[in-house]
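The primary structure of each chain is shown beneath.
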Amino acid sequence: MAGNQVEHVEELGKYITIAKQQITWEQVIKKSRFIVNIARVSNEEEAKQFIDSISLTHRKATHNVWAYLLGDRNEIQRYSDNGEPAGTAGVPMLEVLKNNAIRDVAVVVTRYFGGIKLGAGGLVRAYAGTVVGGVEASGLIERIQRHEVRLQIAYKQFDPLKYWLGQNDYQVLDTAYATDVTLTVAVADSEMTAFKQAVTDEMAGQVQIVVGDINWYEIPYTNKVHAKTETLK
């Protein structure tokens, strides 16, 4: 079976984002309260609406600093320091998203000033660290676009095919038992030709392959989130 391997290649239609649709997290640093709200967004209008909503909720706060990152290649990047010294708040927040490859999110960090100034370095660490805390509280997922592919086989081929799929990192989404067995798996468009050929060879041609529509799938993403910015390497 080792001879019929499918090479997995990088493609568009996949990205990292927060696991929850929206998350709120907070910490206190030298008596200042920092509250982060992060939400998944699909376009700039949604990002602006989310920022406006949080800013309205915390309209009495000292600052509502925000950033958002959108697009397959991070085409849309916006931020605001909202009254904090230039480069100490919005930029570090945006850099946390970029450096952790997190996109299609909007972030607002609300600060209620506690009377102790943090200095430029302290502000960078506070805003970047608060975003990291929120992301860690949510967790991350990788969203990927895949075809649903149905593989219809005889019962005697079920175990060999299931084993082969596992060896090649294809998750079985569904198994239907009737006259034959039908397994449903998710396959990238860029891998489809190689996948079909490999399955056909593995099953000696005794498999019916039906390629379905493309859907989005979410899988856990376990890389550690870091707070590195241009200021804090």
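Remember, predicted model here, so these are calculated numbers, not experimental data. (Residues numbered from 1 in each chain as written. Predicted model: local features only at pLDDT ≥ 70, side-chain atom pairs only at ≥ 80, totals over all residues. Heavy atoms only, no water.)

*Asks:* Describe in detail the UniProt feature "domain: Impact N-terminal" (unreviewed entry) in the protein chain, supporting the description with residues and values.
*Replies:* With numbering matched to this structure, UniProt assigns "domain: Impact N-terminal" (unreviewed entry) to residues 30-131. The span residues 30-131 shows a helical share of 36% and a strand share of 29%, and its end C-alpha atoms are spaced 17 Å apart. (UniProt positions renumbered as here; feature names shortened; annotations may be inferred. Helix = DSSP H or I, 4+ residues; strand = E, 2+ residues; numbered from the N terminus.)

*Asks:* Outline the UniProt feature "domain: UPF0029" (unreviewed entry) in the protein chain, supporting the account with residue identities and numerical values.
*Replies:* Under the local residue numbering, the UniProt record ascribes the feature "domain: UPF0029" (unreviewed entry) to residues 151-206. What you have in residues 151-206 is 38% helix and 29% strand, and the ends, taken at the C-alpha atoms, are 10 Å apart.

*Asks:* Residues and numbers for the environment of I214, please.
*Replies:* Note that I214 resides in strand 10 (residues 208-221). With relative accessibility at 42%, the residue I214 sits in the partly exposed group. Residues I214 and N168, 46 residues apart in the sequence, show an inter-C-alpha distance of 20 Å. Beyond its immediate sequence surroundings of up to four residues, I214 is in contact with Q145, R146 and H147. (Buried < 20%, exposed > 50% of the residue type's maximum accessible area, 1.4 Å probe, protein only. Contact = heavy atoms within 4.5 Å.)

*Asks:* Pulling in residues and values, what's your account of the pattern of salt bridges?
*Replies:* Scanning the model with the defined rule gives eight salt bridges in all. One connected set of salt bridges, linked through shared partners, spans R40, R143 and E218. (Salt bridge = Lys/Arg side-chain N within 4 Å of Asp/Glu carboxyl O.)

*Asks:* Describe the domain arrangement of the protein chain, naming the residues involved and giving the relevant values.
*Replies:* The domain boundaries assigned to the protein chain delineate domain 1 (19-137) and domain 2 (143-218). Relative placement of domain 1 and domain 2: their C-alpha centres are 42 Å apart. (Domains from an automatic or database assignment.)

*Asks:* Explain the pairing of strand 9 (residues 181-187) residue by residue, including any values.
*Replies:* Most of strand 9 is tucked away: seven of the seven residues are buried. Sheet topology places strand 8 (residues 172-177) next to strand 9; five bridges connect them, and they run antiparallel. Counterpart to A176 in the pairing with strand 9 is T182. Turn length for the strand 8-strand 9 hairpin, with the two strands adjacent in sequence and antiparallel, is three residues. (Pairing = 2+ DSSP bridges.)

*Asks:* Would you mind going over helix 2 (residues 90-99) in detail, with residue names and values included?
*Replies:* When you tally the buried positions in helix 2, you get seven out of 10 residues, the bulk of the element. The secondary structure elements touched by the buried residues of helix 2 are strand 4 (63-70), strand 5 (76-80), strand 6 (105-112) and helix 3 (119-138). A positive backbone phi angle near 60° is found at A101, which sits one or two residues after helix 2.

*Asks:* Account for the sheet that holds strand 3 (residues 32-40), naming residues and giving values.
*Replies:* Strand order in this open sheet of five strands is 2-3-6-4-5, and the pairing throughout is antiparallel. One side of each edge strand has no neighbouring strand; the edge strands of this open sheet are strand 2 (22-29) and strand 5. For this sheet the average axis-to-axis angle between neighbouring strands, irrespective of direction, equals 10°. Examined bridge by bridge, strand 3 and strand 6 share eight bridges and lie antiparallel to one another. The residue of strand 6 that forms the bridge with I38 is V107. In the packing of helix 2 onto the sheet, contacts are made with strand 4, strand 5 and strand 6, and the angle to strand 4 comes to roughly 30°. (Axes fitted to C-alpha atoms, helices over the stretch in contact; angles between N-to-C directions.)

*Asks:* Before we move on, can you summarise the nonpolar core with the specific residues and values?
*Replies:* Residues I38, M93, V107, V109, Y127 and V131 are the most contacted members of the largest nonpolar core, which totals 28 residues. Taken together, the elements giving at least two residues each to this core come down to strand 1 (14-18), strand 3, strand 4, helix 2, strand 6 and helix 3. In terms of residue count, helix 3 provides more of this core than any other element does, seven residues in total. In terms of nonpolar packing, the next biggest core, distinct from the first, is built from 18 residues, L151, L165, Y170 and M192 among them. (Core = buried A, V, L, I, M, F, W, Y, C linked by side-chain atoms within 4.5 Å.)

*Asks:* Help me get a handle on the packing of aromatic side chains, residues and values and all.
*Replies:* For the structure shown, the criterion picks out eight aromatic pairs. Relative to W216, the ring of Y15 lies with its centre 5.6 Å away and its plane at 75°, an arrangement referred to as edge-to-face. Here Y15, found in strand 1, pairs with W216, found in strand 10; they are 201 residues apart in sequence, far enough to count as distant. Looking at Y15, the relative accessible area reads 11%, which means it is buried. You can call W216 partly exposed: its relative accessible area is 36%. These aromatic residues form a ring-pair network of at least three members: Y155, F158 and Y177. (Phe/Tyr/Trp six-rings, centres within 6.5 Å; stacked < 30°, edge-to-face > 60°.)

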